[in-house]
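# Descriptive structure summary
This is what each chain is made of:
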Amino acid sequence: MTRMINKDVIDADNAGRIADLKADYDHLGTQLARRGIDIGAIKAKVSAYGVAIPSWGVGTGGTRFARFPGTGEPRNIFDKIEDCSVIQQLTKATPTVSLHIPWDKVDDLKELKEKGNALGLGFDAMNSNTFSDASDQAHSYKFGSLSHADAATRQQAVDHNLECIEIGKALGSKALTVWIGDGSNFPGQSNFTKSFERYLDAMKAIYKGLPDDWKIFSEHKMFEPAFYSTVVQDWGTNYLIAQELGPKAHCLVDLGHHAPNVNIEMIVARLIQFKKLGGFHFNDSKYGDDDLDTGSIDPYRLFLIFNELVDAEARKAEGFAPMHMLDQSHNVTDPIESLMNSATEVSRAYAQALLVDRKALEGYQDGNDALMATETLKAAFRTHVEPILAMSRFEAGGAIAPVAAYRASGYRAKVSGERPAAKSGGGGIV
Ligand SMILES: [Mn+2]
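Now for a quick tour of the structure. Computed from a predicted model, the values in this text were never measured in an experiment.

Attention now goes to the packing of helix α4 (residues 77-91) against helix α5 (residues 109-119). Axes are the key here: two packed helices are described by the angle between their axes and the distance separating the axes. The geometry of α4 relative to α5 is characterised by a closest axis approach of 10 Å and an angle of 15° between their N-to-C directions. As the angle between them shows, α4 and α5 are arranged roughly parallel. The way α4 lies across α5 gives a crossing that is right-handed. Every residue of α5 that contacts α4 at I77, F78, I81, E82 and S85 is listed here: L112, K115, G116 and L119. Classifying every residue of the contact of α4 with α5 gives five nonpolar, two polar and two charged.

All right, on to the sheet that holds strand β7 (residues 215-219) then. Pairing is parallel in the open sheet, where six strands are placed in the order β4-β5-β7-β9-β10-β11. Edge positions in the sheet fall to β4 (126-127) and β11 (323-326), since each of these pairs with one other strand and no more. As defined by bridge partners, β7 adjoins strand β9 (residues 249-254) across four bridges and the pair is classed as parallel. Within the sheet, the bridge partner assigned to S218 lies in β9 and is C251. Its contacts with the sheet put helix α6 (residues 151-171) on β4 and β5 (175-178), and the angle it makes with β5 is roughly 150°.

Moving on: the nonpolar core. Counting 100 residues, the largest nonpolar core has I87, F306, A353 and I388 as its most contacted members. Broken down by element, this core gets its largest block of residues, ten residues, from helix α11 (residues 335-354). Each residue touching I87, except ones within four places of it in the same chain, is listed here: I53, T94, I336, L339, M340 and A343.

Each α-helix winds once per 3.6 residues, and so residues spaced three or four apart point in a common direction. Residues of helix α3 (residues 39-48) that are buried include every one of I39, I42, K43 and V46, and no others. The arc that holds the buried residues of α3, viewed along the axis, is 100°, so those residues lie on one side. Those residues of α3 that are exposed and aimed more than 90 degrees away from the buried face are G40, A41, A44 and A48.

What counts and what doesn't
- Residues numbered from 1 in each chain as written.
- Predicted model: local features only at pLDDT ≥ 70, side-chain atom pairs only at ≥ 80, totals over all residues.
- Axes fitted to C-alpha atoms, helices over the stretch in contact; angles between N-to-C directions.
- Helix = DSSP H or I, 4+ residues; strand = E, 2+ residues; numbered from the N terminus.
- Parallel < 35°, antiparallel > 145°, perpendicular 65-115°, else oblique.
- Left-handed = near helix turned anticlockwise from the far one by under 90°.
- Contact = placed C-beta atoms within 7 Å.
- Nonpolar A, V, L, I, M, F, W, Y, C, P; charged D, E, K, R; others polar.
- Pairing = 2+ DSSP bridges.
- Core = buried A, V, L, I, M, F, W, Y, C linked by C-beta atoms within 7 Å.
- Buried ≥ 20, exposed ≤ 12 C-beta atoms within 10 Å, placed from the backbone.
- Arc of directions from axis to C-beta.

Right, dumping it as C-alpha cells:
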C-alpha cells in the first residue's frame, strides 16, 4: 500500500503519548464499567465506523467574495485522493472518497481506481453538478437544470447524471447524490408546480438508469443560489421526491441546508421512520450554509442527530443504512487538518450516542420525567470519549494525535514543492 506519510513519523509521535493514553483509557474503562458499559464494545463500534471525505473538501474553498488559495493545493483528483489518504492514514476514520463530476473527471478511470486501491481508499457516493456550466456544454444552467423550462437543457442535465452513474460504476461506487441549484430570485419568475413537475420527470429518467444495487439521493437546501424560491428547498419536498421515484430513492440531509434553529434531529427521526433517510453531509453552521467544520459550532446538535441514528441502529429499524459524508468548505485552515478534526468529531458524536442509557431513557420518557430524560442524554454527551477514539486510531495504525502527527510529518511543505500554486480552483460550497 502507498503511504503518503512515513509510518516512522506517526510511530514517533505516538511513542510520546501512548503511556498517558493507556492510563486515560483504563480510567475511562473503569468509569464506564460503573455505568454498566463495556469500553471495548464501544471502541469496536467506533473502529468499524467511517465517514467519506468529499474530494472537493481537500482544496481551499472560498466565499462569494474571494478565494485565498493555500499552498500545495491539489491540482486534480489524483492529488486530491493522495490528500484524502493522509486523512485516512492518520485518523483511520475516513476509508472512502466522494467524487464530484465534472471537477474530478479523468480520461482513465482504471488508473483512478487503481490509485484509490493503492492508497487504501474506496469510492463513496458520486456527486453530479448541474449548478454550474462546464466549458463544453451546449445549454446553460443559468435558469435551472433538471427543472429548466427548456426540454433540451433538462435532457442535458439528465444525461450528465447518467454519465455520473457510469463513472461511478467503473469506480465501485453505489450511489448518486443529486443537488440542484434550481430556483428563482423573483416572485412570479417561475411556476412552482410546473418546475417541480419537470424536476420529477427528469429525476425519473435518471432513476431509470440506476443499477439495481444503487441508491439515488436528493439533497434539499433552503436557499442559495436562488434567493426567492428553491425547487428542492426542504425535507418535505425531498420526501415527496423519494416517494415519487421509488425504493432506491432516499433523502440526503446536509446539516447546513436548513433554517437556523430547525430541529434537524427530528427530521432525521421522521426520515428513518419512513425508510427514506439516505445519508448525510456533515458540517456545521452559525447562520446559513456556512460549511464550517463539523462539530465546531454546535457539537450538541451533532450528538442529538447521532442519538437518533444509534437509537435506530439499536432497534434495528427497517431499511436503515444511511451513508455518511463530510461536506465542508475550508477558508482559513489547512483542509487536511479541518477534515481530520471533523472526522474525529463525527466519530465522537457516535461514541457519545452509544453511551446513552436507552432503557433508562425510555423509562423516563414513559414516566414523563423530563428532567431525568434530558439528563440521561447529557450524561452521555458530557462523557470525555477521546481515549476511546485515540485508542481506536492507535490500534488501527493511525495517530493518537492526528493534527500533531500531520504537522510533524511536513506533508504540506513537501507537496507545496511538488504542486505549483493554482490561480483559481473549483468552488467549495455545495
Ligand atoms: Mn451538501
